[in-house]
Each structure stands twice: as structure tokens, then as C-alpha cells.
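# Architecture at a glance
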Amino acid sequence: MLRAHARIVKFALQNFFRNFWLSAVTIFILTLSFLTVNFFILANGFTDAVVQRIEDRITIKVYFAPSTQESDVKVFADQIGALPQVALVTYISKQQALDEFKSGFADQENARIEEALGELETNPLPSSVLISAHTVEDYPAILSAIDQSAYAGLIEKRSYDDHRGFLTTLEQMKKKIREAGTGITIFFALIIALIVYNTIRITIYSRRKEFGIMKLVGASNWFIRAPLILESIFYSLASLALTILILYPTLSFLQPYIARYFDGLAFDVLGYFNSSFVEIFGYQLASSLVLNILTSGLAIGRYLRV
Amino acid sequence: MIKFDSVHKTYPGNIEVLKDVTFSVGSGEFVFLVGQSGAGKSTLVKLLTSEERPSKGRVEVGGWDITRIPRRDIPRLRRQIGVVYQDFKLIEKKTLWENVAFALEVCGESFHTVRTVVPQVLNIVGLEEKADRYPQQLSGGEQQRAAIARALVNRPKLLIADEPTGDLDSLTAKGIVDLLLRINSVGTTILFVTHNREIVNMLKRRVILIHDGGVRSDKSRAKYFL
Ligand SMILES: Nc1ncnc2c1ncn2[C@@H]1O[C@H](COP(=O)(O)OP(=O)(O)OP(=O)(O)O)[C@@H](O)[C@H]1O
Ligand SMILES: [Mg+2]
């Protein structure tokens, strides 16, 4: 049995190298398929990153009436911060608000604003609390907690309501993008499966005479089939390796351009692949192995009836 | 060794090639199978290796009824019969050595056996120096001898040669015939399919003539006449 296995490996390697151009074309097509799949994975990750960034920018800003005691605002901030849905609470005092306001102007203008403000007795800017949730879905709960708070009466204005319509749109958009993405991915997966099936079928078809002779000499189906299946495993491994070899240098070359084009969008393309390298390429390898083994099994079946 | 019992063979499209063929060949015999081109000689060989199945009748090889042999038993049948095909049927992507070795490898012979037997057999057919060539790099006669080497390598009890001298000059053909006679002398049954009147007449062995889909004549120590 071991002897037979050794021979199968030998025949698989022989086939692989002696049918060099056929192997090369098969690997080329498989590599193109892998690159297409990875393009979709990348596009998906990219969409997620964009949506995430928009979501990160959404916060609730609560403005208190100018007369409110700073200590009350701090207690309110602590209470809200204790909610499980809240990721981050930032307390902005009247003074901080003023500093921030001033820093928004050039030095020259600042002097004039200073002058104008000097005429007012007190700092006109309200103190405020900036709240961000873990996810967009958490905001309604936080809002109702704010409304039920003992300090609700001191609140003058809430910024969240401005985003509400936009958020609904974003949610819908996200869902549509996901749906379209899944649809396109399935569509392409089917096309790729067909291409792979055809490639393997042609490879085997072009060698059907050889299989016929082998059978006439007394080879069992298994003795013909096993090296071919092993060969198709080589195809998968080689083309995935080639894909990674193409993908990584290309992406690291493109990374700065992507960052610049999308205005500093913090999407680390390489990091994205690195962080789930095993999942991304593991699944691709697994599915291509299953596909190759199935299709070569099917294709051989058609040409082994002697 | 071989037994045909009222065998009919009709190819798809109602092409009736063999109608009622009956004969038998004993163990260790040397038999010529002759007949016009298209008479159905190669078809008869195909029935023996189960490449085709009889439409009617019974075929036996070595006492084994192969008329309705299950698919999974076919490789076992073929490993016991050496066949030299009319069109050689060498594997193009394998060297001469590998082609011959393959017949041993399918039987699961040890690496050692392969290494010792293959050169011996190549030596017998005089091709030991061309062992590393691919079939396309060999002449027609050399390919024919390579096919004989492959058919011999398993020491089959039955050797079927379909036109093994077709492409050879008469001197080389004589060499092949001598070789087959030698193989026959150690007990291997030989079924020699040929058109070659000269060889048939020279050897004066049993001759089975296939004509019009049946056995026209079957004579021992016969000459070839149509
Ligand atoms: N697969 C097939 N389908 C249909 N007809 C076939 C098939 N194989 C052979 N035949 C026909 O059967 C007849 C016998 O063919 P076969 O090859 O047995 O002849 P042969 O006696 O070996 O001839 P030759 O001496 O030329 O080799 C021929 O007329 C051929 O056309
Ligand atoms: Mg013939």
C-alpha cells in the first residue's frame, strides 16, 4: 500500500511537470480566480471600514443650560458613563468650550474676539457632555436613559436628533451594500466554479487517451484517479501561493495611494489581510481543494469508461 | 486458455462484425488468427480483454467466464494477459522505461522487481539503450518492440499480438517471431494476429481464419490461403 502511495506521488509530480504548459495555464486561471475572490474580500473590508468610520463619528452631544452647576454636569457624565452601552464619555467644561472656540481662529482675529468677549460678564458657552456608544444600535437606549435622568431638566439641547435621519439612511445603505456584496460574491463564485471545472475538465480531456491506455494495461481507476487528484491539490497550493505572492507586494505598493485617495481613511489593507490571514486564505484553500477534487473526480469519471 | 462459444458482436449502429464465432485455444498453444482487413480480428482481441463485451455467446479466458465480468475485476483480467496492440498504445508522456515499468507498477510489484525486470525485458527486445526515450523519439519498429516488451513484462500466461510485425522489415520481423516462439516454448499461450502470409506459411502452426463474421477454417499445421 505504501508502495502504491509512493507511486501515486511520483506519477502526480511527473504529470505536473511533464504537462508543464497545461499545468501553467491551469494555475494561471486558478490564480486569477483567487485574485478576484480577494478583490471582493478587500472591497467588503473597505466598505465595512468606511461605514465604521462614519459610525465612529456619530456621538450624542448634550448641552446644559449656562446656569447649570459644573458639579451637576460631572455627576450626570458619571451616571451616563456607567451605562453598559456607552463606550466613551467626555465632559467639556465652559472654559474648555471657550478655549476650543478660540483655537478655531487665527491669532489676529482672536484678539478681536477676546475684546468682544471681554464685554460680556460671563462665559456665554455652555458646558457639555460628549457620549459615544459601542454600536449605532445602542443610541436609542442611551437617549432614553438621558431623558429619564434626574438632570434631564437642565439639558438645553441634544445634538443626536440631527443625526437620526442620516443614521437610518446609513443603516439601510449598509444593508443594501451587504446584500449586493453577497449577491455579487455568489455570482462570481459560481462563475469561478464553472471556470475551474472547465479548466480541469479540459486538462483531463486532453489526456483521456493516456488514461485509456493505462486501463488497458491493467490500472485500476483509483491508480489513475489518485495522482490526478493529488495533482489538482498541487494546482490549488501553487496558485494560492502565487496569489499571495502577487497580492502582498501589490497592496503594500498601493497602500499609500489608497490612504491618500480616501483622505486618510484608517483602512490598513495589509493589516486587514494579516489580521485574518489564516481565515481568509484557509477558507480559500479549503474551498478550492473541495472544488478541484470534486471537479477532477467528476471529469475523470466521464473519461474512464473503458 | 481461450474459449469462444457462439460469440456475436454487433457494434452500435447495427454493425454486425462477428456472427457465431466458436473456437478454443489450449494452454501453451501457438495460434495464428488471420483474416481480411475489417474481418473482426481486433474486435475479437477486444472481447478477450473486455474492452468490448459480446452481444451474444460466451467468452472464457483461463477458465474464467468473462462474458459479464464486473467492472472492478477487469484490471485483474488485463494484468494476466499481455497484449501488443496494432497501434502500440504507448503512453506519450512516459519514457520507454516508464511505459514498460507501468505494467509492473499497476500490479503493485516491488521497486526492486521493477528495477531488475524492466532492463531484462528491454534487453530481450533490443531496446536497452533507448530506455530513456519517449515514444515519439522511436521508429515505428522500435515502438512495436517497446509494446512487446510491455506485454511481456508481467510474464503473462496469454500473449496476444495484434499485427506485431506490421511495421517491420522481414529480418526484424523474423526476430520478433523467434522471440514469440521462445516465449511460447516456456509455456506461454500465443495468439498471433496477422496478415503476413510469409510468416504464417513459414511456421506451419495452427491457423484460424476469420471470414464473413465467422470461423471459415481452423487447421493445425496450415498455410495461409484465402
Ligand atoms: N467501435 C466500433 N464501432 C463500430 N464499428 C466498429 C468499431 N470497431 C470496429 N468496427 C468495425 O468492425 C469491423 C472489424 O474491425 P476490426 O478492427 O476488428 O478489424 P480487423 O480484422 O482487426 O482489421 P485489420 O486487419 O484492418 O486490423 C470493421 O468493419 C470496423 O469498421
Ligand atoms: Mg485489427
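In this text the structure is predicted, and so the values were computed from the model without any measurement.

## Quick notes on the overall build of chain A
In terms of helices and strands, chain A carries eleven helices and four strands. Against the 2.2 N^0.38 benchmark of 19 Å for 306 residues, chain A shows a C-alpha radius of gyration of 32 Å, more extended than a compact globule. Dimensions of chain A, computed from the C-alpha atoms along their principal axes, are close to 105 × 45 × 35 Å. Here chain A, with 306 residues, has 39% of them falling under the buried criterion. Look at the contacts in chain A between residues 6 or more apart in sequence, and 83% of them connect residues 24 or more apart. For chain A, the accessible area works out to roughly 17100 Å², and carbon and sulfur atoms hold 65% of it. If you average the places of the 27 positive and of the 27 negative side-chain charges in chain A, the two averages end up 28 Å apart.

## Points about the sheet that holds strand β2 (residues 15-25) of chain B
All names here are of chain B. Overall, antiparallel pairing links the four strands, which are arranged β2-β1-β4-β5 in an open sheet. Looking at the sheet topology across the chains shown, the edges are occupied by β2 and β5 (64-65). Pairing between strand β1 (residues 2-11) and β2: seven bridges, direction antiparallel. Each residue of the ladder has a partner; that of Phe4, found in β2, is Phe23.

## A word on a nonpolar patch on the surface
All names here are of chain A. Together, Val9, Leu13, Phe17, Phe20 and Trp21 give the surface a local cluster of nonpolar side chains, amounting to about 560 Å² of exposed area. Where the nonpolar patch is concerned, the elements lending two or more residues are α1 (2-18) and α2 (20-57). In terms of residues, the nonpolar patch owes the most to one element, α1, which gives three residues. Locating Phe17 in the fold gives a position in helix α1.

## Here's the deal with the site of ligand 1
Residue and element names in this part refer to chain B. What surrounds ligand 1 is a group of 13 residues, the closest being Ser37, Lys41, Ser42, Thr43 and Gln86. Between ligand 1 and Gly38 there is a distance of 2.8 Å, counted from an oxygen atom to a backbone nitrogen or oxygen. Between ligand 1 and Lys41 there is a distance of 2.7 Å, counted from an oxygen atom to a side-chain nitrogen or oxygen. Contributing elements (two or more residues each) for the shell around ligand 1: β2 and α1 (41-48). The element best represented in the shell around ligand 1 is α1, accounting for three residues.

## With respect to unusual backbone geometry
Residue and element names in this part refer to chain B. A positive phi is found at Asn14, a non-glycine position, where the angle reads about 60°. Residue placement: Asn14 occurs in the loop between β1 and β2. Unusually for a residue other than glycine, Ser50 sits at a positive phi of about 60°. With respect to the helices and strands, Ser50 occurs in the loop between α1 and β4 (56-61). What makes Ser50 buried here is its relative accessible area of 5%.

## Things to note about the environment of Phe211 of chain A
Residues and elements named next belong to chain A. Take Phe211: it is sitting in helix α8 (residues 208-217). Its relative accessible area of 2% is what places Phe211 among the buried residues. Linking Phe211 and Tyr303, residues 92 residues apart in sequence, is a C-alpha distance of 7.8 Å. Apart from residues no more than four positions distant in its own chain, Phe211 is found in contact with Ile204, Ile224, Leu228 and Leu304.

## What about the sheet that holds strand β3 (residues 128-133) of chain A?
All names here are of chain A. Taken together, the four strands give an open sheet; going across it, the order is β2-β3-β1-β4, and neighbouring strands pair in antiparallel fashion. The open sheet has two free edges, formed respectively by β2 (86-92) and β4 (155-158), since each of these has just one partner strand. In this sheet, neighbouring strand axes are inclined to one another by 20° on average, regardless of whether the strands run parallel or antiparallel. Examined bridge by bridge, strand β1 (residues 60-64) and β3 share four bridges and lie antiparallel to one another. Bridge pairing in β3 links Ile60 to Ile131. Here helix α3 (residues 70-81) sits on the sheet in contact with β1, β2, β3 and β4, set at roughly 170° to β2. Across the face of the sheet, helix α6 (residues 139-148) comes into contact with β1, β2, β3 and β4 while running at roughly 150° to β3.

## Examining the pairing of strand β3 (residues 30-34) of chain B
Residues and elements named next belong to chain B. Of all five residues that make up β3, five are buried, and the element is covered over most of its length. Neither face of β3 is left uncovered, since the one carrying Phe30, Phe32 and Val34 and the one carrying Val31 and Leu33 both have all their residues buried. Where β3 meets strand β8 (residues 189-193), four bridges bridge the pair, whose relative direction is parallel. Bridge assignment links Leu33 to a residue of β8, and that residue is Val193.

## A word on the pattern of salt bridges
Oppositely charged side chains can form a pair if their charged atoms are brought close together. Counting across every chain of the model gives 14 salt bridges over all chains. Glu92 of chain B serves as the salt-bridge partner of Lys209 of chain A, at 3.4 Å between the closest nitrogen and oxygen. Highlighted residues: Lys209 of chain A in helix α8 and Glu92 of chain B in the loop between β6 (81-84) and α3 (96-105), drawn from two different chains. Relative accessible area serves as the criterion here: at 56%, Lys209 of chain A is assigned to the exposed category.

## Some remarks on the coordination of the magnesium ion (ligand 2)
All names here are of chain B. Here the magnesium ion (ligand 2) is held by Ser42 (OG) and Gln86 (OE1), and the distances to it run 1.9 to 2.3 Å. Within this pair, whereas Ser42 is found in helix α1, its partner Gln86 is found in the loop between β6 and α3, the two being separated by 44 residues in sequence. Overall, the relative accessible area of 25% leaves Ser42 in the partly exposed class. Judged by relative accessible area, Gln86 falls into the partly exposed class, the value being 42%.

## Considering the nonpolar core
If you look at the biggest cluster of nonpolar residues, it comprises 69 residues, and the most contacted ones within it are Ile204 of chain A together with Phe30, Phe32, Phe102, Leu122 and Leu180 of chain B. Ranked by the residues each element gives to this core, the list is headed by helix α6 (residues 170-185) of chain B, at seven residues. Other than its neighbours up to four places away in sequence, Leu180 of chain B contacts Phe30, Leu159, Ala161, Pro164, Ile190 and Phe192 of chain B. Counting 32 residues, the second largest nonpolar core, distinct from the first, contains Val7, Val21, Leu48 and Val59 of chain B.

## What about the domain arrangement of chain B?
Residues and elements named next belong to chain B. By the assigned domains, chain B splits into domain 1 (1-80 + 156-226) and domain 2 (91-155). A C-alpha centroid distance of 23 Å is found between domain 1 and domain 2. Listed by partner, the interface residues are 15 residues for domain 1 and 13 residues for domain 2. When domain 1 packs against domain 2, the two sides together hide about 1100 Å² of surface, and 70% of this comes from carbon and sulfur. Run the count over domain 1 and domain 2 and you get zero salt bridges.

What counts and what doesn't
- Residues numbered from 1 in each chain as written.
- Chains lettered and ligands numbered in written order.
- Predicted model: local features only at pLDDT ≥ 70, side-chain atom pairs only at ≥ 80, totals over all residues.
- Heavy atoms only, no water.
- Helix = DSSP H or I, 4+ residues; strand = E, 2+ residues; numbered from the N terminus.
- Rg over C-alpha atoms; globule rule 2.2 N^0.38 Å.
- Buried < 20%, exposed > 50% of the residue type's maximum accessible area, 1.4 Å probe, protein only.
- Contact = heavy atoms within 4.5 Å.
- Areas by Shrake-Rupley, 256 points an atom, 1.4 Å probe, with all protein chains shown as cover.
- Lys, Arg positive; Asp, Glu negative; His and termini not counted.
- Charge placed at Lys NZ, Arg CZ, Asp CG, Glu CD.
- Pairing = 2+ DSSP bridges.
- Patch = residues over 30% accessible without salt bridge, like charges linked within 9 Å, V, L, I, M, F, W, Y side chains within 5 Å.
- Salt bridge = Lys/Arg side-chain N within 4 Å of Asp/Glu carboxyl O.
- Near = heavy atom within 4 Å.
- Polar contact = N/O pair within 3.5 Å; in protein donor to acceptor, adjacent residues only side chain to side chain.
- Axes fitted to C-alpha atoms, helices over the stretch in contact; angles between N-to-C directions.
- Donors = N, O, S within 2.8 Å, 3.2 Å for Na, K, Ca; no water.
- Core = buried A, V, L, I, M, F, W, Y, C linked by side-chain atoms within 4.5 Å.
- Domains from an automatic or database assignment.
- Buried area = accessible area lost by both parts, 1.4 Å probe.

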